[in-house]
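Structure assessment
Spelled out from the first residue to the last, the chains are:
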Amino acid sequence: MAHTEHTPVVRALYLDDDVVLDAVKDLRGKGIKVKEVYSPFPIHGLDKAMGLKETRIAMAAFMYGLIGLTVAILITSYMMNLDWPQNIGGKPSMTWGKNMPAFVPIMFELTVFFAAHLMVWTFMIINKLYPGAAPQNPDPRTTDHHFMIEVAAGEGVLDALKATGAIEIAEA
Amino acid sequence: MFVFTKKAKLFAMTLTLVGLVMMVIGFNTSGHEAESHDAHATEMHATETHAEHAEEAHVAHAEEAHDEAMDAPHAEEAEAAHAEHGAEAHGEEAHADGHGGHEDHGAANRPWSAFLVNTIFFLGIGIGTLFFLAIQYAAQAGWSAGILRVMESVALFVGIPLLGMLFLAITGNMDMHHIWHWMQDGIMDETSPNYDAIIAGKEGYLNDTFFTLRTVAYLVIWAGAAFLLRRNSLKEDALPEGQTMFFTQRKLAATFIVLYAVTSSTSAWDWIMSIDTHWFSTLFGWYTFAGMFVTALTVLNVLVMYLRVNNYLPWVNDNHQHDLGKFMFAFSVFWTYLWFSQYMLIWYSNIPEETPYYLARFGEYKTLFITMLVLNFIMPVLVLMSRDSKRIMGFILMAAVFVLAGHWMDHYIMIMPGSVGYHYGFGWVEIGGFLFYAGLLLYVVQRNLAAAPLRMKNHALIHESKLFHQ
């Protein structure tokens, strides 16, 4: 999200995830706004330390699941009962309700399919990670063995970053 | 340190006594009730289920004529609903009069069956917790180390319902009841009017001696594992600081899990599946186990919550509780998965050896059956799906009530149709048996909780458990 804003930022590199976690707590304690943290892997507890809003992806996933369930019900009733009625397991009842047990696996799979796929796509679009999106990582080293904290530029920020144990500090 | 107060002791003992008195009343009244009920009930039932199943059979066979082939599944259905196992259904000789044995025993079986339902339900709480405890050691789980003492306390309860099972097995062998149809006199004797060729074919496994022996074996293995795990855990506390018995415990737990993998299935066949002696299902053992396990996890979750609220477990935080909630949710879904796997294959293949089981349950027991499914699947899914709800006491308690009620009903529906048929009900014996075991459970668990510190001193992973977070 850094590219959408044009306020000046300061970037500090670290070598250890525990140091980063402490640094974020320390900086926020001093009233400095931590805009973003780049890390090669997820750091436990970082979302809380950064004060990020709770994700709403769970609610989205639930909705997507319901959509999947609806689609499953519609396609099974269309394919198996309306368009070309099928004799299922020697029980030609020809209604969706009476054949429902046979459709449960489809309902289950499509619920999971829709929830999982749409959730991933939602996540990627919200975080601008879709195919073709401009890379947002300011320093490729953070994909390997470095960690980066990005804070809003301001008075005393450089000293505060140094105090947290940053190995490299750059203004941008 | 947990304190087992006098008040709590009195409460638990009162529950047990009240339950015992209610059961005695139930045992003494069940006979009369049956006689007045019997005559017209049989008649009504016959026409009712006949009509219903006939309709279903028509649907299944569509416009086809009522040829001879129709008669086989037809008779089979009626038979299941009445739990009478008429030999005529199998195209052998007609024993219409001589073979009504099981049905006649229906009313007399009722108090015994009700006791079996409660025994299995509470056995599930004990054995499920014991299995969960064993998993923690075998998997070297760190998060749960802080609540192992709670698990031990519940797991030790397993011996009591097992004794109840032994009591039922022995009284069954003495012909005091006929919950298990194959225990009937002469059923495996070719010259007897009660002879049933299919059941006689199962004699090698289903016979009085082997049945009792197996029940004793379960008692020894399960209660023994609970006892040993607890003994070592207490021993560990007495060791000098830094020494642990973790690997001893782990070996013990792994051994128990291997034995339980076999005995969980065979015990389910013995105690529950053999009630419907003709019928069989290959995943019945797992299905029963899943129900027992989720019951146990629910009880554990509620118990841990109770102890936390009363400040006995300061080292347990919301994240531990959340994980227990996840287990509750996951195994409710797992139970549903197995229930459905068993049901759908039988529904789909639609063969007369298998369908009677569900025809009986969709006939007489339909309301209970549907309610049970809603309670065991839809309610836990809706209540526990969201992350936050697993961290809120009210939601967990609500889900716990649904799951416990649902699985009690599930066991009821597994046992009652085959053993009492339409003589089922909810009265003195059902409630009495529940209170009896509930009182014993409360007493045993609280006594065990009070017997040792709730925090293990030398457990190898206790520190990890304290730091557990998300």
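Criteria and cut-off values
- Residues numbered from 1 in each chain as written.
- Chains lettered and ligands numbered in written order.
- Predicted model: local features only at pLDDT ≥ 70, side-chain atom pairs only at ≥ 80, totals over all residues.
- Heavy atoms only, no water.
- Helix = DSSP H or I, 4+ residues; strand = E, 2+ residues; numbered from the N terminus.
- Buried < 20%, exposed > 50% of the residue type's maximum accessible area, 1.4 Å probe, protein only.
- Contact = heavy atoms within 4.5 Å.
- Areas by Shrake-Rupley, 256 points an atom, 1.4 Å probe, with all protein chains shown as cover.
- Core = buried A, V, L, I, M, F, W, Y, C linked by side-chain atoms within 4.5 Å.
- Buried area = accessible area lost by both parts, 1.4 Å probe.
- Salt bridge = Lys/Arg side-chain N within 4 Å of Asp/Glu carboxyl O.
- Polar contact = N/O pair within 3.5 Å; in protein donor to acceptor, adjacent residues only side chain to side chain.
- Nonpolar A, V, L, I, M, F, W, Y, C, P; charged D, E, K, R; others polar.
- Pairing = 2+ DSSP bridges.
- Axes fitted to C-alpha atoms, helices over the stretch in contact; angles between N-to-C directions.
- 1 Å grid on protein atoms, 1.4 Å probe; cavity = no way out; pocket = protein on both sides within 12 Å on 5 of 7 lines; lining within 4 Å.
- Points joined across faces, edges and corners; volume = space filled by probe spheres on them.
- Phe/Tyr/Trp six-rings, centres within 6.5 Å; stacked < 30°, edge-to-face > 60°.
- Lys NZ or Arg CZ within 6 Å of the ring centre and 35° of its normal.

1. Looking at the overall build of chain B
Helix and strand counts for chain B come out as 15 helices and 0 strands. Counting across all 470 residues of chain B, residues that qualify as buried make up 57%. Across chain B, contacts joining residues at least 24 apart in sequence account for 79% of those joining residues at least 6 apart. Summing over all exposed atoms, chain B offers an accessible surface of approximately 19,400 Å²; the carbon and sulfur share of this is 66%.

2. Details of the nonpolar core
Counting residues in hydrophobic clusters, the biggest one holds 129 residues, and the most contacted among them are Trp-180, Trp-222 and Trp-271 of chain B. The greatest single-element share of this core, amounting to 17 residues, is contributed by helix H3 (residues 101–138) of chain B. Among all residues touching Trp-271 of chain B, those that are not within four sequence positions of it are Leu-116, Ile-120, Leu-123, Leu-162, Met-165, Trp-180, Phe-211, Thr-215, Tyr-218 and Trp-222 of chain B. Core analysis: the second largest hydrophobic core is formed by 22 residues, Ala-23, Leu-27, Leu-46 and Met-50 of chain A among them.

3. What about the interface of chain A and chain B?
Taken residue by residue, the interface counts 16 residues in chain A and 14 residues in chain B. Interface area, chain A with chain B, both sides summed: about 1,200 Å², of which 67% is carbon and sulfur. There are 0 salt bridges connecting chain A and chain B. Taken together, the links from chain A to chain B amount to 0 residue pairs in polar contact (both at pLDDT 80 or more). The element that contributes the greatest number of residues to the side of chain A that touches chain B is helix H4 (residues 100–126) of chain A, accounting for 4 residues. A class-by-class count of the residues in the side of chain A that touches chain B yields 7 nonpolar, 6 polar and 3 charged.

4. A few points about the pattern of salt bridges
Residues and elements named next belong to chain B. Within this structure, the stated rule accounts for 13 salt bridges over all chains. Where Glu-430 meets Arg-110, a salt bridge forms, and the shortest distance between an N and an O atom there is 2.9 Å. In this pair, Glu-430 sits in helix H14 (residues 428–451) while Arg-110 sits in helix H3, placing the two residues 320 residues apart along the sequence. Take Glu-430: its relative accessible area is 0%, and that puts it in the buried class. Classification of Arg-110 by relative accessible area gives buried; the value is 8%. Bridged by salt links that share partners, the residues Arg-149, Glu-152, Arg-230 and Asp-237 form one connected network.

5. Quick notes on the side chain of Ser-465 of chain B
When you line up the elements, Ser-465 of chain B lands in helix H15 (residues 462–466). Once residues lying within four places of it in the same chain are set aside, the contact partners of Ser-465 of chain B are Gly-142, Trp-143, Ser-144, Ala-145, Gly-146 and His-320 of chain B.

6. Thoughts on unusual backbone geometry
Residues and elements named next belong to chain B. Of note in this structure, Asp-175 is not a glycine but carries a positive phi near 65°. Along the chain, Asp-175 turns up in the loop between helix H5 (159–173) and helix H6 (197–200). Backbone geometry at Asn-350 places phi at a positive 55°, although glycine is not the residue there. Residue placement: Asn-350 occurs in the loop between helix H10 (318–349) and helix H11 (355–363). Using a relative accessible area of 30% as the deciding quantity, one classes Asn-350 as partly exposed.

7. What to know about the environment of Met-245 of chain B
Looking at the element boundaries, Met-245 of chain B is found in the loop between helix H7 (208–238) and helix H8 (246–271). Not counting the four nearest positions on each side in its chain, Met-245 of chain B is found in contact with Asn-232, Lys-235, Glu-236 and Leu-239 of chain B.

8. A few points about the sheet that holds strand S1 (residues 9–14) of chain A
Residues and elements named next belong to chain A. Ordered in space as S2-S3-S1-S4, the 4 strands form an open sheet in which the pairing is antiparallel. Lying at the two open borders of the sheet, with one neighbouring strand each, are strand S2 (34–38) and strand S4 (168–171). With direction set aside, neighbouring strand axes in the sheet form an average angle of 15°. As paired strands, S2 and strand S3 (residues 147–152) are joined by 4 bridges and run antiparallel to one another. Bridge assignment links Glu-36 to a residue of S3, and that residue is Glu-150. On the sheet, helix H1 (residues 17–29) packs against S1, S2 and S3 and is oriented at approximately 10° with respect to S3.

9. Structural notes on empty space enclosed by the protein
Residue and element names in this part refer to chain B. By the definition in use, this model includes 5 cavities of 30 Å³ or more. If you go around the second largest cavity, the residues you meet are Ile-120, Trp-222, Tyr-260, Ser-264, Ser-267, Ala-268, Trp-271, Ile-272, Gly-285, Thr-288, Phe-289 and Met-292. Of all the elements in the fold, those that place two or more residues in the lining of the second largest cavity are H8 and helix H9 (284–309). Residue contributions to the lining of the second largest cavity peak at 5 residues, all from H8. A breakdown of the residues in the lining of the second largest cavity according to their chemical character gives 8 nonpolar, 4 polar and no charged.

10. Overview of the packing of aromatic side chains
Residues and elements named next belong to chain B. Summed over all chains, the structure comprises 55 aromatic pairs over all chains. Ring centres 5.3 Å apart and planes at 70° place the aromatic pair Phe-4 and Tyr-443 in the edge-to-face group. Of this pair, Phe-4 sits in the segment before helix H1 (6–61) while Tyr-443 sits in helix H14; the two residues are 439 residues apart in sequence, bridging distant segments of the chain. Judged by relative accessible area, which is 11%, Phe-4 ranks as buried. For Tyr-443, a relative accessible area of 26% translates into the label partly exposed. Sitting above the plane of the Phe-4 ring, Lys-9 keeps its charged end 5.4 Å from the centroid.

So yeah, pure geometry; function would need other evidence.
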